[in-house]
There are 2 protein chains.
Amino acid sequence: MNGNGRSGGRPTLEEVAVRAGVGRGTVSRVINGSSKVSEQTKAAVEAAVTELGYVPNRAARALAANRNDAIALVIPEPEARFFAEPYFSEVVRGVGAALAETDIQLVLTLAGSDRERRRLAQYLSGHRVDGVLLVSVHAGDPLPELLAELGIPTVISGRRSAAETLPCVDSDNLAGAAEAVRHLLDRGRRTIATITGPLDVYGAHCRLDGYRQALAAAGRPVDERLVAVADFTEEGGRRAMRELLERNPALDAVFASSDVMAAGARRELRAAGRRIPQDVALVGFDDSVVARHMDPPLTSVRQPIEEMGRTMARMLLERVAGRRGSAANAGGPAVVLQNRLVVRESS
Amino acid sequence: MNGNGRSGGRPTLEEVAVRAGVGRGTVSRVINGSSKVSEQTKAAVEAAVTELGYVPNRAARALAANRNDAIALVIPEPEARFFAEPYFSEVVRGVGAALAETDIQLVLTLAGSDRERRRLAQYLSGHRVDGVLLVSVHAGDPLPELLAELGIPTVISGRRSAAETLPCVDSDNLAGAAEAVRHLLDRGRRTIATITGPLDVYGAHCRLDGYRQALAAAGRPVDERLVAVADFTEEGGRRAMRELLERNPALDAVFASSDVMAAGARRELRAAGRRIPQDVALVGFDDSVVARHMDPPLTSVRQPIEEMGRTMARMLLERVAGRRGSAANAGGPAVVLQNRLVVRESS
DNA sequence: ACACAGTGTGGGAGCGCTCCCACAGTAGTC
DNA sequence: GACTACTGTGGGAGCGCTCCCACACTGTGT
């Protein structure tokens with residue numbers, strides 16, 4: 001009646017200690033794989049742990065040790081739709097894989113509306129996670145700054161500019177785009193147009209640079225009439241394609257900076273009676289579901305998204321571990337992973 | 001030097017109490033919106049809270065109150081690919097929306113490999129979450145049972161059978177399929193074939209039943225040669241379509257139980273020189289990206305996935321709240337949401 | 001013989017809350 | 001005017017850990 005009916009409940013550290021005939025401190029040391037414990041005691045403790053089916057209480061541990069054993073993955077909701085559809089799941093998969101070996105929770109946070117973003121800021125101020133993974137941050141986003149102030153380790157995906165200061169993981173957009181264009185050149189295409197994303201998005205900018213560099217490297221002049229800026233949407237891609245066709249009726253290849261825009265372009269090409277790939281070769285970017293199911297299947301640049309997620313998580317964990325030692329967000333190196341061209345029938 | 005440098009740290013309940021000139025208990029009551037506190041004191045406490053920027057320490061709260069303020073969303077990884085691509089994100093979005101108003105964390109757990117599943121079981125045994133959301137559980141999955149034993153409230157998506165015992169949220173697969181078939185009948189199609197998913201998957205079974213019932217309701221006999229069983233993959237859809245064409249060269253419509261299978265079917269139809277929709281009308285299920293980007297765009301049955309996620313989360317929260325009162329998983333009602341046919345050019 | 005640095009180990013203190021008992025104050029009742 | 005019945009409120013105890021100081025013990029060097 002005095003609330004001491006604990007014998008039925010989940011075992012505590014103390015109970016393990018009693019069972020193993022040692023002190024609490026020793027059990028704690030064994031559990032945390034820490035220093036100096038004799039083999040013998042260690043074995044005894046481990047036996048007691050398995051016999052009792054002991055699982056440490058996360059809350060107690062967090063409270064005592066002042067950490068959370070949790071990191072947050074922040075998804076900027078509105079963007080999520082833009083991105084090649086599997087993007088989101090692949091990132092999660094990568095992050096999950098990196099976390100699988102650890103005892104760290106993945107807390108998912110959506111930050112779509114302004115209201116949600118405010119809630120998120122408030123949430124983060126509560127220091128409820130040890131670190132934060134930010135997916136596709138905008139140039140003007142105040143979140144990174146807030147996190148820096150709070151001293152919460154952060155890793156972002158995708159550089160916001162060439163001079164990214166935050167630790168981040170990106171794919172080599174420039175090289176990927178260049179490879180796509182080189183591929184078109186290799187196929188004998190002579191007049192290669194490109195449909196870009198909004199140029200204030202750094203990644204889109206890089207892809208355009210890749211296009212330019214590949215042409216330049218092949219000794220081809222870059223004709224600005226072959227460049228159309230769109231907005232990563234299908235309709236935008238379609239409009240851009242229409243423009244390009246008007247300006248350059250003789251074009252025989254198009255590199256679109258996203259599969260979705262490529263899908264729009266494809267529609268316009270069809271409407272204009274151009275065959276793919278016979279009349280016009282088409283290459284996209286993202287290697288999304290759209291690419292695989294397009295007719296004809298779309299050649300596309302594949303980003304190692306899962307690996308990016310894994311790398312981000314690993315970088316973050318390192319930072320979290322080293323947190324106490326030094327500055328949390330000291331300019332970590334940007335890791336840039338390679339893209340790969342997946343060739344299909346559209347080119 | 002004695003570690004008492006707390007003045008700079010984050011404020012605690014106690015500090016708020018001092019500031020407001022009240023006791024700890026009172027602050028706790030205000031924070032938790034609980035009973036009997038005079039308006040006056042309440043206001044004083046709230047003022048102190050905002051002045052200090054107080055945010056409750058989640059770990060301390062969890063430890064003291066023996067709860068977690070967190071629920072887990074378990075994603076069976078391998079499946080995730082099967083499902084219409086946006087499925088995953090939409091569920092998350094719905095769950096996130098339902099949780100936005102609360103102070104409850106969403107913990108994401110991937111359970112792909114057997115190893116991961118074991119880890120998950122271990123994780124759950126640790127009672128680290130107050131409730132669990134299970135997405136697309138298999139008939140033989142031991143997880144629901146484990147959770148029941150542990151007394152952890154659970155809600156699943158998609159019934160495992162007609163006699164589902166767990167609280168769950170599902171969409172009306174039968175009605176959705178029936179609507180699709182009725183639509184084809186309305187369009188004047190006479191010979192309507194169907195490509196089904198594996199029939200031991202309850203949802204696939206229901207869709208086939210819907211097909212049958214719609215035909216029966218229209219007074220049409222159901223010809224079993226018009227039914228081909230596939231496996232929810234594109235290649236499977238293609239093979240099934242080939243079979244169907246061989247057996248019924250005169251068919252003029254196909255209802256596929258998933259968009260991906262429809263994509264396969266479309267390819268086979270093209271190869272066979274059938275035009276869509278002139279010669280053969282095609283309808284899919286899921287209304288995924290694939291459907292929107294198909295050529296021609298695919299008519300498809302749309303499941304209210306986001307709403308399903310929202311509903312699941314709400315059901316779970318109710319159960320978590322009522323946990324102490326009674327049995328956690330007492331046969332909750334299955335909520336079945338309506339599907340909607342999205343008509344596009346393929347039919 | 002002594003001091004001295006190591007190793008392992010036990011256990012007190014305390015993390016920031018919630019729970020709940022005790023108690024002051026106010027009001028209603030015989 | 002003493003009794004009971006609230007309504008608010010304060011604060012002790014304790015949730016299950018980690019941290020760290022203290023205390024054996026072992027050796028080694030003088």
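Residues numbered from 1 in each chain as written. Chains lettered and ligands numbered in written order. Predicted model: local features only at pLDDT ≥ 70, side-chain atom pairs only at ≥ 80, totals over all residues. Heavy atoms only, no water.

What follows concerns the protein's contact with DNA strand D. In the region of DNA strand D, 27 residues are neighbours, and Leu13 and Ser28 of chain A together with Arg24, Thr26 and Thr41 of chain B sit closest. Near the protein, within 4 Å, the atoms of DNA strand D are sugar or phosphate in 61% of cases. Asn32 of chain A is positioned such that a nitrogen or oxygen atom in its side chain is 3.1 Å from a phosphate oxygen of DNA strand D. Contacts to DNA strand D include Tyr54 of chain A, whose side-chain N or O atom sits 2.7 Å from a phosphate oxygen. For the surface near DNA strand D, the elements supplying multiple residues, two or more each, are α2 (24–31) and α4 (58–65) of chain A together with α2 (24–31) and α4 (58–65) of chain B. A per-class count over the surface near DNA strand D returns 10 nonpolar, 10 polar and 7 charged. (Near = heavy atom within 4 Å. Polar contact = N/O pair within 3.5 Å; in protein donor to acceptor, adjacent residues only side chain to side chain. Helix = DSSP H or I, 4+ residues; strand = E, 2+ residues; numbered from the N terminus. Nonpolar A, V, L, I, M, F, W, Y, C, P; charged D, E, K, R; others polar.)

Counting across every chain of the model gives 44 salt bridges over all chains. Among the salt bridges present, the one from Arg128 of chain B reaches Asp103 of chain A, with a minimum N-O distance of 2.8 Å. Of the two residues, Arg128 of chain B is situated in the loop between α7 (114–125) and β3 (131–135) and Asp103 of chain A in the loop between α6 (86–100) and β2 (105–110); the pairing between them involves two chains. The exposure class of Arg128 of chain B is buried, given its relative accessible area of 7%. Residues Arg19 of chain B and Glu51 of chain B are paired through a salt bridge, measuring 2.4 Å at the closest nitrogen-oxygen approach. Placement of Arg19 of chain B in helix α1 (residues 13–20) and of Glu51 of chain B in helix α3 (residues 39–52) is noted, with a sequence separation of 32 residues between them. The structure contains a network of salt bridges with shared partners spanning Glu90, Asp287, Arg302 and Arg344 of chain A. (Salt bridge = Lys/Arg side-chain N within 4 Å of Asp/Glu carboxyl O. Buried < 20%, exposed > 50% of the residue type's maximum accessible area, 1.4 Å probe, protein only.)

Aligned on chain A, chain B shows an RMSD of 0.1 Å; the corresponding rotation is 180° and the shift along the axis is 0.0 Å. In symmetry terms, the pair is related by a two-fold rotation axis. Comparing interface residues between copies, 100% of those in chain B also lie at the interface in chain A; the contact surface is shared. (Least-squares fit on C-alpha atoms with pLDDT ≥ 70 in both. Contact = heavy atoms within 4.5 Å.)

Moving on, we come to the interface of chain B and chain A. On the chain A side, the residues contacting the 47 residues of chain B number 47 residues. Here chain B packs against chain A, burying approximately 4,200 Å² in sum over the two surfaces, 52% of which is carbon and sulfur. The tally of links from chain B across to chain A stands at 8 salt bridges. We note a salt bridge from Glu101 of chain B to Arg115 of chain A, for which the minimum N-O separation is 3.2 Å. (Buried area = accessible area lost by both parts, 1.4 Å probe.)

Turning next to α6 of chain A. Taking 1.5 Å per residue, 15 residues should reach 21 Å; α6 of chain A reaches 21 Å between its end C-alpha atoms and fits that length. Most of α6 of chain A is tucked away, with 14 of its 15 residues classed as buried. (Expected span 1.5 Å × (residues − 1).)

Around DNA strand C, a shell composed of 28 residues is seen, among which Arg24, Thr26 and Thr41 of chain A together with Leu13 and Ser28 of chain B lie nearest. Separating a phosphate oxygen of DNA strand C from a backbone N or O atom of Ser38 of chain A is a distance of 2.9 Å. Here a base oxygen of DNA strand C sits 3.5 Å away from a polar atom, N or O, in the main chain of Ala64 of chain A. Contributions of two or more residues to the surface near DNA strand C are made by α2 and α4 of chain A together with α2 and α4 of chain B. Residues of the surface near DNA strand C, tallied by class, amount to 11 nonpolar, 10 polar and 7 charged.

Our next topic: the side chain of Arg117 of chain B. Among the secondary structure elements, Arg117 of chain B is positioned in helix α7. Ignoring any residue separated from it by four or fewer positions in sequence, one finds Arg117 of chain B in contact with Ala111, Gly112, Asp141 and Leu143 of chain B.

Another point: the sheet that holds strand β10 (residues 299–302) of chain B. Residues and elements named next belong to chain B. With mixed pairing, the 6 strands of this open sheet are ordered in space as β7-β6-β8-β9-β10-β12. Since the sheet does not close on itself, it has two edges, and those belong to β7 (227–229) and β12 (340–342), each with one partner. Pairwise comparison of adjacent strand axes, ignoring direction, gives a mean angle of 20° for this sheet. Across the face of the sheet, helix α10 (residues 202–217) comes into contact with β6 (192–196), β7, β8 (253–256) and β9 (281–285) while running at roughly 170° to β6. (Pairing = 2+ DSSP bridges. Axes fitted to C-alpha atoms, helices over the stretch in contact; angles between N-to-C directions.)

A few words now on unusual backbone geometry. Residue and element names in this part refer to chain A. The peptide bond linking Ile276 to Pro277 adopts the cis configuration, its omega dihedral lying at 5°. Mapped onto the fold, Pro277 is located in the loop between α12 (259–271) and β9 (281–285). Omega for the peptide link from Asp295 to Pro296 comes to 0°, which places this bond in the cis form. Relative to the helices and strands, Pro296 is located in the loop between α13 (289–293) and β10 (299–302). Located in the positive-phi region is Asn66, a residue other than glycine, with phi close to 55°.

Now for the pairing of β10 of chain A. Across 3 bridges, the pairing between β9 of chain A and β10 of chain A is parallel. Among the inter-strand pairings, Val283 of chain A is bridged to a residue of β10 of chain A, identified as Thr299 of chain A.

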